[in-house]
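One-letter residues, chain by chain:
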Amino acid sequence: MFAISLAYDEIKGKVRQFIMQEEHTNFAEMAKMVFFYQYQQNSPYRKYCRKRRVHPTSIQDVTQIPPVPIQAFKETVLVCSPEEELERIFMTSGTTNPDKRGKNGHRDLEVYDLSATIFFKENMMPDVNNMKMVILFPAGKEMPHSSLAHYLQLMKNTFGTEDSEYVASEKGFDELRLKEILAEAENKDEPVFLLGATFSFIHFLDTCKEEKLTFSLPAGSRVMDTGGAKGTSREVDPLELKRQLSKLFSIPEYACGNMYGMTELSSQLYDQTLRLQGPKTLKKPPHWVKTTIVDPETMKEKPEGETGIIVHYDLANFHSVAAVMTEDLGVKEGDSLYLLGRAEGAEVRGCSLAMESFLQADQGTAP
C-alpha cells in the first residue's frame, strides 16, 4: 500500500507527471493512489465509501472504486481541503434549480489547465499550433464560476492568435460582429476556429437560414461546439447539427467537432472526426481518464456494445472525486464511447438509488 499519508503537492506532482508521460501504462496504480488520497482527505466521500464497504486496501480493480452520483455535487462540496483554501469553485448553470448548483472546487488550476490544453491540442488542433479563434461565449472574467468560460479563455490564450476575439458577453451574442469576422476570413483567405456552446451555433444557424446567408470559409477552418442541445429552445440531433454547420460554413463535416465535458470533471472528451478526418462521432477520453458503462442499479460494468450509464474515473479531478457517475447514456467501442443523451426511465431510477445511498452516508455519523 502507499505511504501513511499523501500531501497535496505530492499527489498533484504525480498526477501531473502521469498526464505528461508518453507511456500510457499503470493507470490502475495511479487511480488507486488518487483514491487513497481522496479517501483520506475527503470526508463526505470517505463516508460514502464506508457505507459501500469499500476501503483503499480492498481495491483490486479500478472499477471497484465507488463512483459518486453527479447529483451529490449539488449537496456538498466534495474536496480534499477546506473551502477557504480553494482558488476556484466552478458551478453548474443551475438552469433547472438555481438554488441547487453543482460545485467542483480546485485548490489551484495547474492540473486542470494542463489536462485541458494537452488533449484539446491533440484532438482539435493536431495540424496547427495557432490560429484565429472566435469565441461564442462570455469571457472568464464575466463568468468566474463557469468552467466552460475558463476553458474557452484558456484555449484562446494558449492557441489563439492575437486577433482572436469574443462575439458574446453577458449582454448577448453579437451576431453582426460574427458575420463581419466570417466575411473578413473569406476575403483574406485566413482560416478561423469557431468555439462555443451548442445553443449559440443553433441560434446562428436559424438567423442565417432566415437571411439566406452562407459562408465559404478558407481551408483549415473548423468548429467546436459543446454542451449539446437538450433543453434549449430548439433541439438538433448532433449529426444533423454537423451537417448544417458544414453546409453553412462550407467546411467538411469532419471539421465540425463536439467536446463533451462537465463542471464536475477536470478533463474533456472529443469527437475523433477532426483527428481522423472521418465521419464517426466516437468520443475518446485522454489516457488519464477511464470511462466505463455500468448498470446503475447493480453498478456492474456492461459489455462493449451494450447501453448503460457513463462512469468516468478522471485522475485530473484528484482534489475532488475522481470516480463520477453521470446521468448520461453511452455505448463503449474499444477505449472510446458513443454518447446517447440523458438517461430516462430505469436508468434514472438506478442513479437515484446511488444518490439516496450517498445522502444516507453524508447525513450519518461516520467520521
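The model shown is predicted, which means the values in this text are computed figures rather than measured ones.

Caption draft 1: Broad picture of the overall build of the chain. Summing up its helical and strand segments, the chain has 10 helices and 16 strands in all. For the chain, the C-alpha radius of gyration of 21 Å lies close to 21 Å, the compact-globule estimate for 367 residues. Principal-axis analysis of the C-alpha atoms gives the chain an extent of 65 × 40 × 40 Å. Taking all 367 residues of the chain together, the buried fraction comes to 53%. Per element, the accessible surface of the chain, about 16800 Å² overall, is 48% carbon and sulfur. Within the chain, one finds 42 positive and 53 negative side-chain charges whose respective centroids are separated by 3 Å.

Caption draft 2: View of the environment of P82. With respect to the secondary-structure elements, P82 resides in the loop between β1 (68-69) and β2 (88-91). The spatial distance from the C-alpha of P82 to the C-alpha of Y112 is 19 Å, given a sequence separation of 30 residues.

Caption draft 3: Representation of the pairing of strand β4 (residues 132-136). Counting buried positions along β4 yields 5 of 5 residues, so the element is predominantly enclosed. Alternating positions in β4 separate into two faces, K132, V134 and L136 on one and M133 and I135 on the other, with burial throughout. In this structure, β4 lies alongside strand β8 (residues 192-197), joined through 5 bridges in parallel fashion. Across the sheet, I135 pairs through a bridge with L195, a residue of β8. Where β4 meets strand β5 (residues 165-166), 2 bridges bridge the pair, whose relative direction is parallel. By the bridge assignment for β5, I135 is matched with Y166. Handedness of the crossover is the feature at issue here: the chain leaves β4, passes through helix α5 (residues 147-159), returns alongside β5, and the resulting connection is right-handed.

Caption draft 4: Region of the structure containing a negative patch on the surface. On the surface, E162, D163, D189 and E190 cluster together to form a negatively charged patch. Owing to a relative accessible area of 57%, D189 belongs among the exposed residues under this scheme.

Caption draft 5: Structural context of helix α4 (residues 110-124). Taking 1.5 Å as the rise per residue, α4 with 15 residues should run 21 Å; its terminal C-alpha atoms sit 21 Å apart, in good agreement. For α4, the tally of buried residues reaches 11 of 15 residues, placing the bulk of the element in the interior. Where α4 is concerned, the buried positions are V111, Y112, D113, L114, S115, A116, T117, F119, F120, N123 and M124.

Caption draft 6: Quick look at the packing of aromatic side chains. Per the counting criterion, the structure on display carries 15 aromatic pairs. An angle of 50° between the planes, with centres 5.6 Å apart, marks the rings of F90 and Y112 as tilted. A residue pair is termed long-range when its members are at least 10 positions apart, and F90 in strand β2 and Y112 in helix α4 qualify at 22 residues. Here F90 and Y112 have matching classes, each one buried. Residues F204 and F249 carry aromatic rings whose centres are separated by 6.4 Å and whose planes lie at 15° to one another, so their mutual orientation is stacked. Placement of F204 in helix α7 (residues 198-210) and of F249 in helix α8 (residues 238-249) is noted, with a sequence separation of 45 residues between them.

Caption draft 7: Structural detail: the nonpolar core. Ranked by size, the top nonpolar core spans 109 residues in total, and within it Y45, F120, Y151, L194, M224 and F249 carry the most contacts. With sequence-adjacent residues up to four places away left out, L194 is seen in contact with V134, L136, L178, L182, F201, R222, V223, M224 and F249.

Caption draft 8: Main features of the packing of helix α6 (residues 175-188) against α7. Remark: α6 packs on α7, axes separated minimally by 12 Å, with the N-to-C direction vectors making an angle of 75°. If you check the angle between α6 and α7, you find them roughly perpendicular. Packed against α6, whose contacting residues are E175, L178, K179 and L182, the element α7 presents H203, F204 and T207 at the interface.

Caption draft 9: Seen up close, the pattern of salt bridges. If you walk through the whole model with that rule in mind, you get 15 salt bridges. One salt bridge connects D271 with K283, and the closest N-O pair in it is separated by 2.7 Å. Linking D271 in strand β11 (residues 269-271) with K283 in strand β12 (residues 283-284), this pair joins segments that are 12 residues apart in sequence. What makes D271 buried here is its relative accessible area of 1%. For R342, the salt bridge identified is with D328, shortest N-O distance 3.4 Å. Of this pair, R342 sits in strand β16 (residues 336-342) while D328 is found in strand β15 (residues 323-333), placing the two residues 14 residues apart along the sequence. For D328, a relative accessible area of 10% puts it in the buried group. Within this structure, K132, E165, R177, E180 and E184 form a network of salt bridges that share partners.

Calculation notes
- Residues numbered from 1 in each chain as written.
- Predicted model: local features only at pLDDT ≥ 70, side-chain atom pairs only at ≥ 80, totals over all residues.
- Heavy atoms only, no water.
- Helix = DSSP H or I, 4+ residues; strand = E, 2+ residues; numbered from the N terminus.
- Rg over C-alpha atoms; globule rule 2.2 N^0.38 Å.
- Buried < 20%, exposed > 50% of the residue type's maximum accessible area, 1.4 Å probe, protein only.
- Areas by Shrake-Rupley, 256 points an atom, 1.4 Å probe, with all protein chains shown as cover.
- Lys, Arg positive; Asp, Glu negative; His and termini not counted.
- Charge placed at Lys NZ, Arg CZ, Asp CG, Glu CD.
- Pairing = 2+ DSSP bridges.
- Right-handed = clockwise from strand over helix to strand, strands pointing away.
- Patch = residues over 30% accessible without salt bridge, like charges linked within 9 Å, V, L, I, M, F, W, Y side chains within 5 Å.
- Salt bridge = Lys/Arg side-chain N within 4 Å of Asp/Glu carboxyl O.
- Expected span 1.5 Å × (residues − 1).
- Phe/Tyr/Trp six-rings, centres within 6.5 Å; stacked < 30°, edge-to-face > 60°.
- Core = buried A, V, L, I, M, F, W, Y, C linked by side-chain atoms within 4.5 Å.
- Contact = heavy atoms within 4.5 Å.
- Axes fitted to C-alpha atoms, helices over the stretch in contact; angles between N-to-C directions.
- Parallel < 35°, antiparallel > 145°, perpendicular 65-115°, else oblique.

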